[in-house]
2 protein chains.
Amino acid sequence: MKITLIGAGRVATHLAKVLQLQHQIVQIFSRDLQRAQTLASLVSAQAIDDVRQLDPQTDLVIIAVSDQAISNVIELIAPYLLDNLIVHTSGSTSLSVLQNTHHRAGVFYPLQTFSFDRDVNWLETPVFVEAVEPQDLTSLTELANSLSHRVYQYNSTQRQTLHLAAVFACNFSNYCYDMAKQIVDAEQVDFSLLHPLILETANKATANDPKDMQTGPAMRGDRNILNMHQRLLGDSNRSDLQNIYTLMSEAILKRHQ
Amino acid sequence: MKITLIGAGRVATHLAKVLQLQHQIVQIFSRDLQRAQTLASLVSAQAIDDVRQLDPQTDLVIIAVSDQAISNVIELIAPYLLDNLIVHTSGSTSLSVLQNTHHRAGVFYPLQTFSFDRDVNWLETPVFVEAVEPQDLTSLTELANSLSHRVYQYNSTQRQTLHLAAVFACNFSNYCYDMAKQIVDAEQVDFSLLHPLILETANKATANDPKDMQTGPAMRGDRNILNMHQRLLGDSNRSDLQNIYTLMSEAILKRHQ
């Protein structure tokens, strides 16, 4: 398959790297030509920063930009790619955002957290595909199967639910780790002491129902410890952490009362 | 070493199982004799439910009960164990809670999350020891070294900081997983689709600074997605999840603005 990537950020980079193993990345478009060039040189593609340079001889155009930018991008590129399959990679954006402008619209959503300096285990990463036209759904499914063992045809509503859940499971849990690091850093205690606990908590929650794996003072209803932690956070002038501590603890108390 | 355990819950069970490999568990005390018997039979110890049966021929007494119960327990058992080393296993309880009643007081705190049906990787679990008398600190350190590679002599304040951070890193992150499961369950979407994301997020945060690993709509400042998620949670009458979503997102926005 000949593939064009719109965007040169984290998702575009990881997709380009894995797709070039079995497909041809023809062009990388970014408004920042230098970023396009960095990625293009990795995958032997052409870097472009002008939509008029888009090559219509491509089988698939993947828009991997921020969710807010998708509707602008499709309006910008559609006139140059009249009959090409164009997909976005967003969990929260409906297919209709592309479909309103372009007839061969689709979605190719990998449910994963992407960082520049970490490799992705693509085989285990669930990929969700959607398309207006049945033959496009077939080719997106084939493409997804070429990189992952876990491919699903989900509609925009199901994908939205997953993405909302992913914000809790990934973004908020990561912020919990970040807050823990802020707390130990302030007392010059080594954050790596918490690493085994973080990994075991994640392993437990994926091997069992996380509700059954809940531990800690709120789950036990231990008001003495809850009050003491509140005092500690108050004494260190961290009302931001105090507010989150209160809300999370009350929610856990209620769930396990 | 001859060891007596006060308590038969998750921490007592995991400690008894690992300590019996190199030491002798002489007695398990619990007010619930049946629970004491269940654990005692696992580690060839005597089960008791009456403090008058406590054997003073023991080298170490480990109080592994809920934090609130520690002060009652020490008052109850100290008259029968006048010259024995007695420790608690709590992250948030000061050494002084034992020291007020008993002269050979100490702490043996393993920083881990314990479930009945999961084995613990003791070698990688950090253990924090503290004691009033120097020779007791030495023997607690030796005992800790016999099960873990990561043993630290920490005072009560340092231990308290770690325990507070652990509530964020473990209890709150687990509740994030639980909330994610509630969201997908409501739409009959399979929670296991989120497993690779949960594990990768934990792995990233332990290989790097979690602040640098933050992703998601709040980190990107994407107000459209934040508002849409708020609407979705409102539509499903989950004001509890909505409140946590708002507070966590605002905190992440502020941290990454």
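Note that this is a predicted model, so its numbers are computed, not measured.

Observations regarding the overall build of chain A
Moving on, step 1. When you go through chain A residue by residue, the secondary structure sums to 10 helices and eight strands.
Moving on, step 2. Here the C-alpha coordinates of chain A stretch approximately 70 × 35 × 30 Å along the principal axes.
Moving on, step 3. For chain A, restricting intrachain contacts to residue pairs at least 6 apart in sequence, the fraction spanning at least 24 positions comes to 52%.
Moving on, step 4. Split by element, the accessible area of chain A, about 10,500 Å² in all, is 44% carbon and sulfur.

A short note on the sheet that holds strand β5 (residues 85-88) of chain A
Residue and element names in this part refer to chain A.
Moving on, step 1. The eight strands are arranged β3-β2-β1-β4-β5-β6-β7-β8 in an open sheet whose pairing can be described as mixed. Of all the strands in the sheet, the pair left with one neighbour each is β3 (46-48) and β8 (151-153). Taken over all neighbouring pairs, the strand axes of this sheet differ in orientation by 25 degrees on average, direction set aside.
Moving on, step 2. Judged from the three bridges that link them, strand β7 (residues 127-131) and β8 form a sheet pairing that is parallel. Counted as the bridge partner of phenylalanine 128 is tyrosine 152 from β8.

A look at the relation of the copies chain B and chain A
One copy of the chain maps onto the second through a rotation about an axis and a displacement along it.
Moving on, step 1. The two copies are related by a screw operation: chain B maps onto chain A through 180 degrees of rotation and 0.0 Å of translation along the axis, at an RMSD of 0.0 Å. Interpreted geometrically, this transformation is the action of a two-fold axis. Closest to the rotation axis within chain B is the C-alpha of serine 173 of chain B, separated from it by 2.2 Å.
Moving on, step 2. Of the interface residues in chain B, 100% have counterparts in chain A that sit at the interface too, so the contact is made through matching surfaces.

So, unusual backbone geometry
Residue and element names in this part refer to chain A.
Moving on, step 1. One non-glycine residue with positive phi stands out, namely serine 44, at about 55 degrees.
Moving on, step 2. Phi is positive for asparagine 237, close to 55 degrees, though the residue is something other than glycine.
Moving on, step 3. Turning to its location among the elements, asparagine 237 is positioned in the loop between α9 (223-235) and α10 (239-255).

Quick notes on the state of the cysteines
Moving on, step 1. Tallied over the entire structure, the rule returns zero disulfides over all chains.
Moving on, step 2. Cysteine cysteine 170 of chain B remains unbridged, with the sulfur of cysteine 176 of chain A as its closest cysteine sulfur at 10 Å.
Moving on, step 3. In this structure cysteine 170 of chain B comes out as buried when scored by relative accessible area, which is 4%.

A few points about the packing of aromatic side chains
Moving on, step 1. Enumeration over the complete set of coordinates arrives at 16 aromatic pairs over all chains.
Moving on, step 2. Between tyrosine 152 of chain A and tyrosine 154 of chain A, the aromatic rings sit 6.0 Å apart at their centres with planes inclined by 65 degrees, giving edge-to-face as the arrangement.
Moving on, step 3. The class of tyrosine 152 of chain A is partly exposed, set by a relative accessible area of 26%.
Moving on, step 4. For the ring pair phenylalanine 168 of chain B and phenylalanine 172 of chain B, a centre distance of 5.0 Å and an interplane angle of 75 degrees mean the geometry is edge-to-face. Here the residue phenylalanine 168 of chain B and the residue phenylalanine 172 of chain B both occupy positions in helix α6 (residues 156-186), the gap between them amounting to four residues, near one helical turn. Take phenylalanine 168 of chain B and phenylalanine 172 of chain B: they sit in the same class, and that class is buried.

A few points about the pattern of salt bridges
Moving on, step 1. Within the structure shown, the criterion is met by 20 salt bridges over all chains.
Moving on, step 2. Between aspartate 209 of chain B and lysine 181 of chain A there is a salt bridge, and its shortest N-O distance comes to 3.6 Å. On the criterion of chain membership, the pair formed by aspartate 209 of chain B in the loop between α7 (195-207) and α8 (217-220) and lysine 181 of chain A in helix α6 (residues 156-186) is interchain, its members lying in two chains.
Moving on, step 3. Residue classification places aspartate 209 of chain B among the partly exposed residues on the basis of a relative accessible area of 27%.
Moving on, step 4. Note on lysine 181 of chain A: relative accessible area 17%, which makes it buried.
Moving on, step 5. Between glutamate 200 of chain A and arginine 118 of chain B there is a salt bridge; the shortest N-O distance is 3.0 Å. Residue glutamate 200 of chain A is found in helix α7 (residues 195-207), and its partner arginine 118 of chain B is found in the loop between β6 (105-110) and β7 (127-131); the two belong to separate chains.
Moving on, step 6. Residue glutamate 200 of chain A is classed as buried on the basis of its relative accessible area, which comes to 14%.
Moving on, step 7. When salt bridges with common partners are traced through the structure, they connect Lys181 and Asp185 of chain A together with Asp209 of chain B into a single cluster.

A word on the packing of α6 of chain A against helix α10 (residues 239-255) of chain B
Packed helix pairs are characterised by how far apart their axes lie and by the angle those axes make with each other.
Moving on, step 1. Packing of α6 of chain A against α10 of chain B leaves a shortest axis separation of 11 Å and a crossing angle of 55 degrees. By the angle class used here, α6 of chain A and α10 of chain B are oblique. α6 of chain A and α10 of chain B meet at a crossing whose hand is left-handed. Counted together, Leu164, Val167, Phe168, Asn171, Phe172, Tyr175, Cys176, Asp178, Met179 and Gln182 of chain A of α6 of chain A and Leu241, Ile244, Tyr245, Met248, Ser249, Ala251, Ile252 and Arg255 of chain B of α10 of chain B form the full contact between these two elements.
Moving on, step 2. Of the residues that constitute the contact of α6 of chain A with α10 of chain B, the class distribution is 13 nonpolar, three polar and two charged.

Considering the domain arrangement of chain A
All names here are of chain A.
Moving on, step 1. Segmentation of chain A into domains returns domain 1 (2-154) and domain 2 (160-256).
Moving on, step 2. Taken residue by residue, the interface counts seven residues in domain 1 and five residues in domain 2.
Moving on, step 3. Where domain 1 abuts domain 2, roughly 510 Å² becomes buried across the two surfaces, and 66% of that area is made up of carbon and sulfur atoms.
Moving on, step 4. Across the domain 1-domain 2 interface, the total number found is zero salt bridges.
Moving on, step 5. Where domain 1 meets domain 2, there are one residue pair in polar contact (both at pLDDT 80 or more).
Moving on, step 6. Classifying every residue of the side of domain 1 that touches domain 2 gives four nonpolar, three polar and no charged.

Let's talk about the nonpolar core
Nonpolar side chains tend to gather and get buried jointly when the protein is soluble and globular.
Moving on, step 1. Ile77, Phe168 and Leu194 of chain A together with Ile77, Phe168 and Leu194 of chain B are the most contacted members of the largest nonpolar core, which has 112 residues in total.
Moving on, step 2. Each residue touching phenylalanine 168 of chain B, except ones within four places of it in the same chain, is listed here: Cys176, Met179, Ala180, Ile183, Leu233, Leu241, Ile244 and Tyr245 of chain A together with Ser173 of chain B.
Moving on, step 3. If you look at the next biggest cluster of nonpolar residues, it comprises 33 residues, including Leu15, Ala36, Trp122 and Leu147 of chain A.

Considerations on the interface of chain B and chain A
Moving on, step 1. Contact with chain B, which involves 91 residues of that partner, is made by 91 residues of chain A.
Moving on, step 2. Ranking the residues of chain B by area buried against chain A places Arg118, Phe168 and Leu193 of chain B at the top, with a combined share of 8%.
Moving on, step 3. Here chain B and chain A share eight salt bridges between them.
Moving on, step 4. On the surface where chain B and chain A come into contact, there are 27 residue pairs in polar contact (both at pLDDT 80 or more).
Moving on, step 5. Every element with two or more residues in the side of chain B that touches chain A is listed here: α6, α7, α8, α9 (223-235) and α10 of chain B.
Moving on, step 6. Looking at side-chain class alone, the side of chain B that touches chain A contains 48 nonpolar, 26 polar and 17 charged residues.

Rules used in this analysis
- Residues numbered from 1 in each chain as written.
- Chains lettered and ligands numbered in written order.
- Predicted model: local features only at pLDDT ≥ 70, side-chain atom pairs only at ≥ 80, totals over all residues.
- Heavy atoms only, no water.
- Helix = DSSP H or I, 4+ residues; strand = E, 2+ residues; numbered from the N terminus.
- Contact = heavy atoms within 4.5 Å.
- Areas by Shrake-Rupley, 256 points an atom, 1.4 Å probe, with all protein chains shown as cover.
- Pairing = 2+ DSSP bridges.
- Axes fitted to C-alpha atoms, helices over the stretch in contact; angles between N-to-C directions.
- Least-squares fit on C-alpha atoms with pLDDT ≥ 70 in both.
- Disulfide = S-S within 2.5 Å.
- Buried < 20%, exposed > 50% of the residue type's maximum accessible area, 1.4 Å probe, protein only.
- Phe/Tyr/Trp six-rings, centres within 6.5 Å; stacked < 30°, edge-to-face > 60°.
- Salt bridge = Lys/Arg side-chain N within 4 Å of Asp/Glu carboxyl O.
- Parallel < 35°, antiparallel > 145°, perpendicular 65-115°, else oblique.
- Left-handed = near helix turned anticlockwise from the far one by under 90°.
- Nonpolar A, V, L, I, M, F, W, Y, C, P; charged D, E, K, R; others polar.
- Domains from an automatic or database assignment.
- Buried area = accessible area lost by both parts, 1.4 Å probe.
- Polar contact = N/O pair within 3.5 Å; in protein donor to acceptor, adjacent residues only side chain to side chain.
- Core = buried A, V, L, I, M, F, W, Y, C linked by side-chain atoms within 4.5 Å.

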